[in-house]
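These are the residues of each chain, in order.
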Amino acid sequence: MILTVTLNAALDVTYDVPHVDWDGVNRVRSVHRRAGGKGVNVARVLRGLGQEVLVTGLAGGPTGRAIEADLDAAGLPGALVPVAGESRTTLVVSGGAESGTTLFNEPGPEVTPAELREFVRVYEGLVGRARAVVISGSLPRGVPADTYARLAALAAERGVPAVVDADGEPLLHAPAGRPAIVKPNADELARAVPHGDPAEGAEHLRARGAESVVVSLGADGLLAVTPEGTFRARMPYRVAGNPTGAGDSLVAGLALGLVEGTAWPDRLRRAAALGAAAVAAPVAGDFDPDVYAQVHPRIVVT
């Protein structure tokens, strides 16, 4: 089982709009509502790849109940810890190639110390049964910035490798937990380590304790700085579509490679292809298998 952690779970709403007029009335072509948050998206992709998964995190209020109901409907096993505050909603407005994609993220509930302690208790009972754990996404209000480092360390104590996908202070703290992989995108890495190129930023996170750092470069592919060396995965072409959730699909590929012990070049090729295939899918947590099959063999890893 691969355990995914989503402390700031969300109900994701995606509006497909033929053309967005930010100063006028817009007619929505289709609406998708589903449980989301980065860890939930990772679990969806892993389930689509035939893996056993378990989703944990925090959920509260009517929105939290809607998240749990959607997980049940999707066949995604969940062990969400209840909180008093209302879980958040995210809104994606996808206007195609001309208007692009815009994401609105609510902050999420205020979490009390007692609620966080209860989550950690539940997490400790689950992580020992996992082959790997993915800890990803934003932190709700009231949760300390070093929480991801703490969760990664608890996993490491039990011999379970962790993948952390975070931004801001949680990203800077994460290496202290000795995760197997830290996965920022280029912008997140530049904010955390403002001086130097992506390779230097990745080395900085490794020096702070991360075993490997994989940097998502968008359409330019991936950079991985690992104990086995530095690798670069280059994409054959740019895939058009909705980029929301592409990084989560990429993380799913990295987690699966970690569990299977796949060599780094093959691990990166699969992760990059999953990220591209997610762009071609309409909503986060899905990927287009045809695009995956087309892109995967053409990715060059050096």
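Starting afresh in each chain, residues are numbered from 1 along the sequence in its written order. Only residues with pLDDT of 70 or above have their local features reported here, since the model is predicted, and side-chain atom pairs are shown and tallied only from 80 upward, although totals for entire chains, interfaces and linings are computed over all residues. The side-chain quantities take in all heavy atoms of the structure and omit both hydrogens and water.

(A) Just the packing of aromatic side chains, in detail. Pairing of aromatic side chains here covers Phe, Tyr and the six-membered ring of Trp, requires ring centres within 6.5 Å, and sorts the geometry by plane angle: under 30 degrees stacked, over 60 edge-to-face, intermediate tilted. This model, assessed by the stated rule, comprises one aromatic pair. Think of it as a cone above the ring: NZ of Lys or CZ of Arg counts as a charge over the ring if it is within 6 Å of the ring centre and within 35 degrees of the ring normal. We note Arg267 situated over the ring of Trp264; from NZ or CZ to the ring centre the distance is 4.2 Å.

(B) Representation of the pattern of salt bridges in the model. The term salt bridge refers to a side-chain nitrogen of Lys or Arg lying within 4 Å of a carboxyl oxygen of Asp or Glu. Under the criterion given, the structure shown has 12 salt bridges. Between Asp266 and Arg269 there is a salt bridge; the shortest N-O distance is 3.1 Å. Here the residue Asp266 and the residue Arg269 both occupy positions in helix H10 (residues 264–279), the gap between them amounting to three residues, near one helical turn. Exposure classes here rest on a 1.4 Å probe applied to the protein chains alone. A residue is buried below 20% of its type maximum, exposed above 50%, and partly exposed in between. Judged by relative accessible area, which is 18%, Arg269 ranks as buried. Through salt bridges with shared partners, a single network forms among Lys38, Asp165, Lys183 and Asp248. Strands are runs of DSSP state E lasting at least two residues, helices are runs of H or I lasting at least four, and both sets are numbered from the N terminus onward.

(C) Spotlight on helix H8 (residues 198–207). Those residues of H8 lying buried are Gly201, Ala202 and Leu205. Along the axis of H8, the buried positions cluster into a sector of 100°, meaning they face one direction only. Between a side-chain oxygen at the N-terminus of H8 and the backbone nitrogen of Ala199 the separation is 3.2 Å; the capping residue is Asp197. The positive-phi residue at the C-terminal boundary of H8 is Gly209, with phi of around 135°. Comment: arc refers to directions from the helix axis out to C-beta atoms. Any pair of nitrogen or oxygen atoms within 3.5 Å is treated as a polar contact; in protein, a donor-acceptor pairing is required on top of that, and neighbouring residues in sequence qualify only through side-chain atoms on both sides.

(D) Region of the structure containing the sheet that holds strand S2 (residues 10–16). Pairing is mixed in the open sheet, where four strands are placed in the order S3-S2-S6-S7. Either end of the sheet is taken by a strand with one partner, and the two such strands are strand S3 (30–36) and strand S7 (101–105). Each strand axis lies, on average, 15° off the axis of its neighbour in the sheet, ignoring direction. Only when DSSP finds a minimum of two bridges between them are two strands counted as paired. Of the strand pairs in this sheet, S2 and S3 are connected by seven bridges, and their pairing is antiparallel. Paired with Asp16 across the strands is Ser30, a residue of S3. The contact criterion used is simple: two residues touch if any of their non-hydrogen atoms lie within 4.5 Å. Orientation is described by axes fitted as lines to C-alpha atoms, over the contacting stretch for helices, and by angles from 0 to 180 degrees between their N-to-C directions. This element, helix H1 (residues 38–48), spans S2 and S3 of the sheet and lies at about 100° to S3. Sheet strands in contact with helix H2 (residues 61–74) are S2, S3 and strand S6 (88–94), and its direction is about 90° off that of S3.

(E) Region of the structure containing helix H5 (residues 147–157). Taken as a whole, H5 has its buried residues at Thr147, Tyr148, Ala149, Leu151, Ala152, Leu154 and Ala155. Next to the buried residues of H5 lie strand S1 (2–6), helix H4 (113–127), strand S8 (132–136), strand S9 (162–165) and helix H6 (168–173). Looking one or two residues beyond H5, the residue adopting positive phi is Gly159, at roughly 75°.

(F) Region of interest: the side chain of Arg44. By the element assignment, Arg44 lies in helix H1. Assessed through its relative accessible area of 11%, Arg44 is described here as buried. One polar contact links the side chain of Arg44 to the main-chain carbonyl oxygen of Ala35, over a distance of 3.1 Å. In terms of polar contacts, Arg44 uses its side chain to reach the side chain of Asp70, at 2.6 Å. Residues in contact with Arg44, not counting those within four places in the same chain, are Arg34, Ala35, Asp70, Ala74, Leu76 and Gly285.

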